[in-house]
Amino acid sequence: MHHGNGGVYMQKLIADVFMRFFTDALICNQSDSAIINPGKGKIAYTTDSFVIEPLFFPGGNIGSLAVCGTLNDLAVSGAKPEYMSVGFIIEEGFKISDLIKIVRSMAIEAKKAGTRIVTGDTKVVNAGKCDQLFINTSGIGALNEKHIPLSSGKLVKPGDKILLNGPPGEHGMAILQARKLFSFKTNIISDCTNLYPLVKQILNRSGQVHFMRDATRGGVATVANEIARKCNVGVEIDETCIPVNREVAALCELLGFDPLYIANEGKVVVVVDAMDAERTLNGMRRVKSGKNAAIIGEITAGHPGKAVLKTHSGGKRIIDELLGDQLPRIC
Amino acid sequence: MCLGVPAKVVRIEGQEATVAIGTVEYQSSLLLMEEVKVGDYVLLHAGFIIEKIDPVEAEETMRLFDQVSKMDEE
Amino acid sequence: MSPEGLRFMDGYRDAVLIEKLAAQIHSLSRTPIRLMEVCGGHTAAIHKYGLKDFLPVTITLLSGPGCPVCVSSQKFVDQAIFLGGRRRVILATYGDLVRVPGSVSSLEKEKMRGADIRIVYSVLDAVKIAQRHPERQVVFLGIGFETTAPASAAAIVRAEEEKVDNFFLLSAHKIMPPALESLAGGDTRIDGFLAPGHVSAVTGTMIYRNLAHVYHRGVVVSGFEPADILQSVLLLVKQIESGHFQVENEYSRVVKKEGNPRAIAVMNGVFGLVDAEWRGLGTVRESGLAIKPELAHHDANVAFNIRVPDGQLPKGCICGDILTGRKIPSECPLFSVQCTPVNPIGACMVSSEGSCSVFYKYKT
C-alpha cells in the first residue's frame, strides 16, 4: 500500500474503498468542504477517535464502533445525529480487504441511523507509525433547546430514578475475548449499537428526563460517580436490580472483574423524575436496545457526591472511582 | 490467591479438563488433582483445578445456615 | 435455578440469610473482641458485600497481611523491573502485581514505557509463551501463598519434562503459618482468625493447630461468600465467648482436613523453605518458598545476575502496624498526603481493598 500523499495510489484507494461505500452526494463531490444547511436553533457537535485493539470483535469492528460511538454521544445529548465526518490514519501494509470490511460496516451503520457521512479524510503512514488503523469521527445534529440540561444534569434531584437499558459489561468482555489472551470460550457479543431510536423513545415518553449519559469506558460505575459529583447528589444503585448477562457475570467471577466498571457501547444511563419512571421504562422495553431495561437505583439527598451500591446481601459499599483498567486477579 | 470459582467438569482430555461456569468454558489443568470425573464440581484457581466441591457438604453447609436461622425463630 | 457452578454462589449471598446470621452474631457477642482475616479474598469479599455493616460494635474486624501481592517486598518488584529491562526477557505476571510500587517504578509504568510485560491468567500460559519464543527468556513472577504456589511448581515440572529451558520463575511465594504464629505471638491483641479458605483447600486444616492449642486463639477456616464469612464470625464468637479454642472448618464443601495431597506433593517437590521479607512485617523465618537447587536452572534468582539495591520503604510508612492491627490508617503521616490510591506507597494502599484504600474511600 504505497498510498502516501495524495498521488495516484491514494486516489485509487479513495475510489476503490471509500467512495465505493460512502455514497452520499456531498462526499462524492470531493470538494474541500461539505456545505450543509443546519437549520435554525442549536447544534450538538461531538468528536471521538478510535484506536482499539483488536480491530474486529464479536458484534462489530472499529468502523461500526466509530460510527455508533459518535452517534451515541449526540443521541444522549438529546440531538438527532444528522451529519458525520470520518478520518482514517492507516498504517502502511494494512490489508485492503480488512479496510473494505470496516468501511462497509461504517456505511451500513450510518445508513441504518439515517445519518449522512458527508466529508472525510485519509492518510497512510509508514509502518510502525500507527497501530494498524486509527479512525476519527465527528458528528453534528440539531438540538432542541429543552434537551440542553440532559448533559449538564442541573435538573437532577433527590427522588429521581436511575434507569439502565440492559446488562453492563458486554462490549469490554467481547473485546477481551477477541484479544485471545485468556483461553476462555464464551458467546459474549459486544452491545455496540446506535442508541438514537432508544433515546427518541425515552424523550417521547417523558418530559422529565433530567440526565443521560452513555456508559462507555469505565462503565456504569463511572457514570454513577459523574452524576454524584457533577450534580452534588447521592446516587444509590441496587445491585439486585441491575440486568445481568450470565456469561459476562461468570467471566467476571473468574477474572475478578466487576461488570459495573466494564466498557459498554450500547448502554445509556437515564435519570428521570420518579413520576415518569415506569412509563419511561415501558417505552424503553419496546425498543430492541432497551428490551432488558430496568430501574436500577435512585438519586438521594444523603451522601452527596458519592455513589453507593446496595449489594445482593443487603450491605452497602461505595462505588469507587475507577483508577485504571481492571486486570485479571488471583487475589 | 483466593479467587477460586466453582465450575463443573464437562470434558477430560489427558491432563486437562474443560470446565463450565454457566456457559463459559475453560481448559483447565489437572496437574494438581488426583482424580476428577466428568460431572464433578471443582474449584478453579488461576487456571488449575485445586479441589473438588462436595455437593453433599455444600447442602450440609446450607442446612447448617438454615439451622442457625431456625434457632433465631424459636 | 442457577446454571453450572453459579449455584454454589447464589445461595450464599442471600440477603435474608445474611440478616439472620448477623442477628445471631449480635445476640451472642458480649465481650469486645478483635478478629483478623488474613486473606486478600476475604478482605475483598467483606468490602464487596459491605459485611462490616452487619457486625456489632463489639467486634473489630482487622485486615491482616493476607494479600500475597501487597506483602510482596519492594525489592521483589525492583528485581522484576530489572529483569524486564533486559531485551531478551519477557516478564509474565498475574494482573495483581502490575500496580504494586517498587522503589522507583512499577510494572505498569514500565509496560507503558515499552517493556515486554504480559499478564496471564495461568502460569502455564507463560510456559507456552516460552515454548513459542525459544529465542527469548520468559520469567514468571511467582506471587501467592499455598493456593498458588503449587501451580508455579507444576509449571516448573512441566518445563522440566518438556525441556523448556527458557522458562524461569522468580519466586516470592510465601506460606501462611509462620506469619500467623508471628502475629499470634506478637504484641497486637488478636482473639481469633478467619483462616484462608483456599490456602486451606491445599494445605488442609492441621496447619492452624498451634494457633488454637498453643496460642489459644479461635480459628475458623472460612469460605468466601457472605454467608460463609458471617457464619465463620459467628463460630469465632462462640469459641471466644466459651474460651474453647479449636480449628473449625466452615468451608467443608471444599476444604478437607488433609487438604490436597497431590498439590502439596508437587509444591514440596519443587520448593524448599527460606526466610522471606514481608512488606510491613519484615523478615519472617522460613516463610518463603525458594526453588530447590536441583531445579536451579529454572530459578530466575540463580540464572540471572539480578542487581538491585536494598530498597527502603518511604520514611513514615507504617503499613506494618496497620497490617497487624496496631494502628489505623489515619495515624500514618503519609496517609492521603503522599500515599493515595492513585499514588500508593505501602501495601495497605496498593490493594484496592487494603485497610488504607478502604479508609480513604470512606473518609472522603
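None of the values given here were measured: they were computed from a predicted structure.

**Q** Before we move on, could you go through the interface of chain A and chain C and cite the residues and values that matter?
**A** Tallying the contact residues gives 19 residues for chain A and 32 residues for chain C. Mapped by element, the contributors of at least two residues to the side of chain A that touches chain C are helix 9 (246–255) and strand 14 (316–318) of chain A. In terms of residue count, the dominant contributor to the side of chain A that touches chain C is strand 14 of chain A (three residues). Grouping the amino acids of the side of chain A that touches chain C by side-chain chemistry returns eight nonpolar, six polar and five charged.

**Q** Can you break down the sheet that holds strand 1 (residues 33–37) of chain C residue by residue, with the values?
**A** Residue and element names in this part refer to chain C. Pairing is parallel across the open sheet formed by five strands, whose spatial order is 2-1-7-8-9. Each end of this open sheet is capped by a strand with a single partner; those strands are strand 2 (59–63) and strand 9 (247–249). Sheet twist, expressed as the mean angle between neighbouring strand axes with direction ignored, is 25°. Of the strand pairs in this sheet, strand 7 (residues 192–196) and strand 8 (residues 218–222) are connected by five bridges, and their pairing is parallel. For Leu194, the partnering residue across the bridge sits in strand 8 and is Val220. The sheet strands contacting helix 11 (residues 226–242) are strand 1, strand 2, strand 7, strand 8 and strand 9, and the helix crosses strand 8 at an angle near 165°.

**Q** I'd like a rundown of unusual backbone geometry, residues and numbers included.
**A** Cis peptide bonds are those with omega within 30 degrees of zero, and the linkage from A:Glu53 to A:Pro54 qualifies with 5°. Position of A:Pro54 relative to the elements: it lies in the loop between strand 1 (42–50) and strand 2 (56–57). For C:Lys163, which is not glycine, the phi dihedral falls at a positive 50°. Here C:Lys163 shows up in the loop between helix 7 (149–161) and strand 6 (167–171).

**Q** Any chance you could break down the interface of chain B and chain C for me, citing the residues and the numbers?
**A** Frequently, the measure chosen for interface size is the accessible area removed from exposure when the parts meet. On the chain C side, the residues contacting the 35 residues of chain B number 41 residues. Residue assignment for the side of chain B that touches chain C shows that the elements contributing at least two residues are strand 1 (5–13), strand 2 (16–21), strand 4 (41–45), strand 5 (48–53) and helix 1 (55–73) of chain B. Its residues placed into classes, the side of chain B that touches chain C shows 21 nonpolar, eight polar and six charged.

Here is what the cut-offs are and how they apply
Residues numbered from 1 in each chain as written. Chains lettered and ligands numbered in written order. Predicted model: local features only at pLDDT ≥ 70, side-chain atom pairs only at ≥ 80, totals over all residues. Contact = placed C-beta atoms within 7 Å. Helix = DSSP H or I, 4+ residues; strand = E, 2+ residues; numbered from the N terminus. Nonpolar A, V, L, I, M, F, W, Y, C, P; charged D, E, K, R; others polar. Pairing = 2+ DSSP bridges. Axes fitted to C-alpha atoms, helices over the stretch in contact; angles between N-to-C directions.

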